[in-house]
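Now for the letters of each chain:
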Amino acid sequence: MRRWNGWGDETTHYHLPETSFQYLVERVGDATGYPDATLEDALEAVPSSRLPAHPLIKTEAIDRLNHARGQSLPDWLELRSGPIQTYPDGVAYPTSDSQVQELLRFASQKGFHLIPYGGGTSVVGHINPLKGETPVLTVDMSRFNSLLELDETSRLATFGAGVCGPDLEKQLNERGYTLGHFPQSFELSTLGGWIATRSSGQQSYYYGRIEDLFAGGHVETPLGPLDLLPVPASAAGPDLRQVLLGSEGRLGLITRATVRIRPQPEVEAFYGVFFHDWPSGVEAVRQIAQARLPISMARLSNAQETDTTLALAGKDNLILWAKRGLNLLRYGDERCLLVFGITGEARLARLARQQVMEIARQHGGLFTGTMIGKTWRKSRFLTPYLRNTLWERGYTIDTLETAVPWIQTLPAAQDIQQAIHDAMRPYGERVLVFAHLSHVYRDGASVYVTYIFRRTADPEQTLRRWQDMKHAASQAIIAHGGTISHQHGVGLDHAPYLLAEKGEVGATLLHGAVHTLDPQKLLNPGKLIEEARDVAE
Ligand SMILES: Cc1cc2nc3c(=O)[nH]c(=O)nc-3n(C[C@H](O)[C@H](O)[C@H](O)COP(=O)(O)OP(=O)(O)OC[C@H]3O[C@@H](n4cnc5c(N)ncnc54)[C@H](O)[C@@H]3O)c2cc1C
C-alpha cells in the first residue's frame, strides 16, 4: 500500500547503516527524529465537504487526505508534522471522456475548482488545493490506464493518460516495445502528469524528453474537447502539442495520449568513470554530448556528491577499499564520478562505449567497468525512499534543478550551492549541498542540486529555512540565465520566478491561453501563473 505521508510503498525501505548517519552528523550535526502526526489526526482534521452531492464525487476523508498534497518539501512538512492547511472537498475517479465532460459541466454550473491529478508526485505544489471560499474537486485520472491502440508500423501507442510508469512499460514490454521514459518517480507518476509537467526521464538522451515522445492525444477542456493529431511533424502554425506540454492542469484534462515507442533495446549497460576533478569531468561530458555519441544517459556528480553517494551507499567495506584504490591512483578528494549508459544495438553500443572512453581518457577519466553502473541501475527507483529514512532520523533532503548553456554550468552550479549555504548561515546551521549534471545536450546541461539539513522541533521554522534556501537558489539560477525548472515544472513554488524567465509579453501570452480555454478559471488556479495574475484579469 502507498504511504499516505511519505514516498512509495509501505513495505519498501531504504536501509542506512549507522556509519552513514555518522557522516551526516559530522557535516550538519546530530538530528532529532521528532514524532510525526498520525493518520488518525490527519483524518480527523479533514473538514466537511463544501461540494454539492454528485454520483461521480467521493467525499470520504481518506480520499481527500490522499489527494491533498504531493511530494514537495512544504508538502512533506504538512503531511508529516501537520497541520495540513487545505484538502480537496471531494475526489472523482472518472473512467470516460463523457464523465470528465460531466465533471467540467458540473464545476462550471456550481462554480467550483477542479484539479487534474495523475500520480501526485509533483515536487512543486502542482496538485495542492488553495485556501479560499471556492470548493475544490480533485480529478484522479488513474482509471484511464490501458493501452488503447498500438500502431506497430508507425511505432505509436495510445494510452489512457492516467497510466503509471510500471503499468505503461509492462503493457509495452509484453509486446516487445518500450517508451523509455524513466523519471526517478517512475513507480508512481503517470503519462498525463509527465506531459502536463514537461517531464524528463533519466535516459532522455537516447529516448527523448516527454515532448519528443508525445505525438498527440485528447484533452477535455472547459471550452470543449481538443484533439491533437499525432503527426510526425507539422508546419501548420504553432504546434498546439507544445502548448499542452507543461500546461500543469490549467488548460484541460488529458484523457488519452499517443506516444512514440521503440522496440526494446538489444543491449543496455551503465558504466562508472572517475575524473580527477569536476571541471575535467564537465569538459569531458560536454565533448561527449557535442560529439553526439549515442549514449542514453550521463550523470556527472561533483566531488561532494561523489563523496556523499559513496558514504550513503551503505557498503562500508567495499567503499573503504574503493577509496584506497582511488587514492593510490591519485584520484583524491576532488574526484568526481560519471555514470553513463549505453542503450540500443549491440554493434553501435560497443562503438559508442569506446568513443566515450576515449574522450573520458583524454580528460583523465578512469574507467571502472559496470559495477557502479549496475548498482545505479538497481537502486535508481529505490533512491527516493532515502527521504523517508532520513526524515525519520531528523534530516530533510530536497532537490532543485535548472538547465543552463555549457558556458554557465560551472559558475551556476557553484553559485547555486553557495547561495544555499549562505541562506542557512544566519540560522547558525550547516547544510550539506552537492550537485550533478544530469541531462546533457549539445548546448548545455541540467544542473541538479541536492541539499540535506536538520529539521527543527518547529515545522514552521523548518519551512522558513527551506524557503530562504529555495529563494536564494532561485535567484542564483535567474542570475545565471537558467530556467527555473529543467524537469519539475512550475506549480506553486516556482510561479513567483516565471516572470523573470518568460517576460511580461510571454507571461501575457500564457495567461491568454489559460483564460481563453478556461474563462471561468475552473482548472487548477494559482499554478504555473501566479495567483495575483489570475485574480488581476
Ligand atoms: C522522488 C521523485 C523523483 C522525481 N524524479 C523526476 C524525474 O526524474 N524527472 C521528472 O521530470 N520529474 C521528476 N519528479 C517530479 C514528478 O514526478 C513529475 O513532475 C511528474 O511528471 C508528475 O507526474 P504525476 O503523474 O505524478 O502528476 P501529478 O503530480 O499528479 O500532477 C502534476 C501536474 O500535472 C497535472 N496533471 C496530471 N495529470 C494530468 C492529466 N491527465 N491531464 C491534465 N493535467 C494533468 C496536474 O494537474 C498537476 O498540475 C520526481 C518527483 C519525485 C517525488
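For clarity, every value in this text was computed on a predicted model and none was experimentally measured.

Engineer: Looking at this structure, I do not really get the overall build of the chain. What am I missing?
Structural biologist: A tally of regular secondary structure across the chain gives 20 helices and 18 strands. The principal-axis extents of the C-alpha atoms in the chain amount to approximately 70 × 60 × 45 Å. Per-residue burial over the chain gives 55% buried out of 537 residues. In the chain, of all internal contacts separated by at least 6 residues, the share reaching a separation of at least 24 is 76%. Counting only carbon and sulfur atoms, one obtains 53% of the accessible surface of the chain, whose full area is about 22,500 Å². Separation of charge centres in the chain, based on 52 positive and 60 negative side chains, amounts to 5 Å.

Engineer: Sorry if this is basic, but what is going on with the sheet that holds strand S2 (residues 90-92) here?
Structural biologist: Backbone-to-backbone hydrogen bonds pair the strands of a sheet. The strands run either parallel or antiparallel. Taken together, four strands build an open sheet; the order of strands is S1-S2-S4-S3 and the sheet is mixed. Both edges of this open sheet fall to strand S1 (57-58) and strand S3 (113-117), since each of them pairs with a single strand only. The pairing of S2 with strand S4 (residues 136-140) spans three bridges and is classified as parallel. Across the sheet, the residue bridging to Gly90 is Leu137, located in S4. Along the sheet, helix H5 (residues 97-110) makes contact with S1, S2, S3 and S4, crossing S3 at roughly 150°.

Engineer: So what exactly am I meant to see when it comes to the pairing of strand S18 (residues 444-454) here?
Structural biologist: When you tally the buried positions in S18, you get 10 out of 11 residues, the bulk of the element. Here strand S16 (residues 395-405) pairs with S18 via 11 bridges, running antiparallel. Across the sheet, Leu400 pairs through a bridge with Val449, a residue of S18. Both strand S17 (residues 432-440) and S18 contribute to a ladder of seven bridges, which runs antiparallel. Note on S18: the bridge partner recorded for Val433 is Tyr451.

Engineer: Quick question: what am I supposed to make of the nonpolar core here?
Structural biologist: A general trend in soluble globular proteins is that nonpolar side chains are found buried together. Counting residues in each nonpolar core, the largest one holds 73 residues, and the members touching the most others are Leu300, Leu390, Ile416, Ile420 and Tyr451. Broken down by element, this core gets its largest block of residues, eight residues, from helix H17 (residues 406-424). With residues near it in sequence (within four places) discarded, Ile416 still touches Leu400, Thr402, Val449, Ala473, Ala476 and Ile477. Grouped together as the second largest cluster of nonpolar side chains are 34 residues, Tyr177, Ala196, Leu213 and Val259 included.

Engineer: What is the right way to read the packing of aromatic side chains from this model?
Structural biologist: Aromatic rings in a pair are described by how distant their centres are and how their planes are angled relative to each other. The final tally for this structure, using the stated rule, is 10 aromatic pairs. Aromatic side chains Tyr206 and Tyr207 sit 4.8 Å apart centroid to centroid with 85° between the ring planes, which places their arrangement in the edge-to-face category. Exposure remark for Tyr206: the relative accessible area of 23% places this residue in the partly exposed category. Its relative accessible area of 5% is what places Tyr207 among the buried residues. Pairwise contacts between aromatic rings join Phe182, Phe186, Tyr206, Tyr207 and Phe381 into one cluster. When the ring centre of Tyr23 is taken as reference, the NZ or CZ atom of Arg27 above it lies at 3.6 Å.

Engineer: Help me understand the site of the ligand in this model?
Structural biologist: Taken together, 34 residues form the shell around the ligand, and within it Pro116, Gly118, Thr121, Ser185 and Thr190 come nearest. In the model, an oxygen atom of the ligand is placed 3.0 Å from a nitrogen or oxygen of the Ser199 side chain. If you tally residues by element for the shell around the ligand, the top one is helix H7 (residues 191-197), at five residues. For the shell around the ligand, the class distribution of residues is 12 nonpolar, 21 polar and one charged.

Engineer: Help me understand the sheet that holds strand S6 (residues 156-160), please; the structure alone is not making it clear to me.
Structural biologist: In spatial order, the strands read S5-S6-S10-S8-S9; together these five strands make up an open sheet with antiparallel pairing. The sheet is open, and its two edges are formed by strand S5 (147-151) and strand S9 (224-228), each paired on a single side. Pairs of neighbouring strands in the sheet enclose a mean axial angle of 10°, with direction left out of account. In the sheet, S6 pairs with strand S10 (residues 253-260) via five bridges, with the strands oriented antiparallel. Pairing of Gly160 across the sheet is with Arg256, part of S10.

Engineer: How should the domain arrangement of the chain be read in this particular structure?
Structural biologist: How big an interface is tends to be stated in terms of accessible area lost as the parts join. Per the domain assignment, the segments of the chain are domain 1 (34-140), domain 2 (147-263), domain 3 (267-380), domain 4 (385-479) and domain 5 (495-536). The C-alpha centroid of domain 5 is placed 24 Å from the C-alpha centroid of domain 2. Contacts between the two partners involve 11 residues from domain 2, matched on the other side by 15 residues from domain 5. Among the residues domain 2 hides against domain 5, the three largest losses belong to Pro222, Arg250 and Leu251. Together they make up 58% of the total. If you look at where domain 2 meets domain 5, you find three residue pairs in polar contact (both at pLDDT 80 or more).

Engineer: Help me understand the packing of H17 against helix H18 (residues 459-479), please; the structure alone is not making it clear to me.
Structural biologist: Helices that pack against each other are described as a pair by the angle of their axes relative to one another and the distance between those axes. Relative orientation of the contacting elements H17 and H18 amounts to 150°, with a least axis distance of 8 Å. With respect to their mutual orientation, H17 and H18 come out roughly antiparallel. Along this stretch, H17 crosses H18, giving a crossing that reads as right-handed. Contacts from Asp415, Ile416, Ala419, Ile420, Ala423 and Met424 of H17 reach H18 at Arg465, Asp468, Met469, Ala472, Ala473, Ala476 and Ile477.

Engineer: How should the environment of Ala289 be read in this particular structure?
Structural biologist: Within the fold, Ala289 resides in helix H11 (residues 278-290). Among the residues examined, Ala289 registers a relative accessible area of 0% and is labelled buried. Along the sequence, Ala289 and Trp376 sit 87 residues apart, while their C-alpha atoms lie 21 Å from each other. With near-sequence residues (within four places) excluded, Ala289 lies in contact with Tyr205, Trp406, Val440, Tyr441 and Arg442.

How each quantity is defined
- Residues numbered from 1 in each chain as written.
- Predicted model: local features only at pLDDT ≥ 70, side-chain atom pairs only at ≥ 80, totals over all residues.
- Heavy atoms only, no water.
- Helix = DSSP H or I, 4+ residues; strand = E, 2+ residues; numbered from the N terminus.
- Buried < 20%, exposed > 50% of the residue type's maximum accessible area, 1.4 Å probe, protein only.
- Contact = heavy atoms within 4.5 Å.
- Areas by Shrake-Rupley, 256 points an atom, 1.4 Å probe, with all protein chains shown as cover.
- Lys, Arg positive; Asp, Glu negative; His and termini not counted.
- Charge placed at Lys NZ, Arg CZ, Asp CG, Glu CD.
- Pairing = 2+ DSSP bridges.
- Axes fitted to C-alpha atoms, helices over the stretch in contact; angles between N-to-C directions.
- Core = buried A, V, L, I, M, F, W, Y, C linked by side-chain atoms within 4.5 Å.
- Phe/Tyr/Trp six-rings, centres within 6.5 Å; stacked < 30°, edge-to-face > 60°.
- Lys NZ or Arg CZ within 6 Å of the ring centre and 35° of its normal.
- Near = heavy atom within 4 Å.
- Polar contact = N/O pair within 3.5 Å; in protein donor to acceptor, adjacent residues only side chain to side chain.
- Nonpolar A, V, L, I, M, F, W, Y, C, P; charged D, E, K, R; others polar.
- Domains from an automatic or database assignment.
- Buried area = accessible area lost by both parts, 1.4 Å probe.
- Parallel < 35°, antiparallel > 145°, perpendicular 65-115°, else oblique.
- Left-handed = near helix turned anticlockwise from the far one by under 90°.

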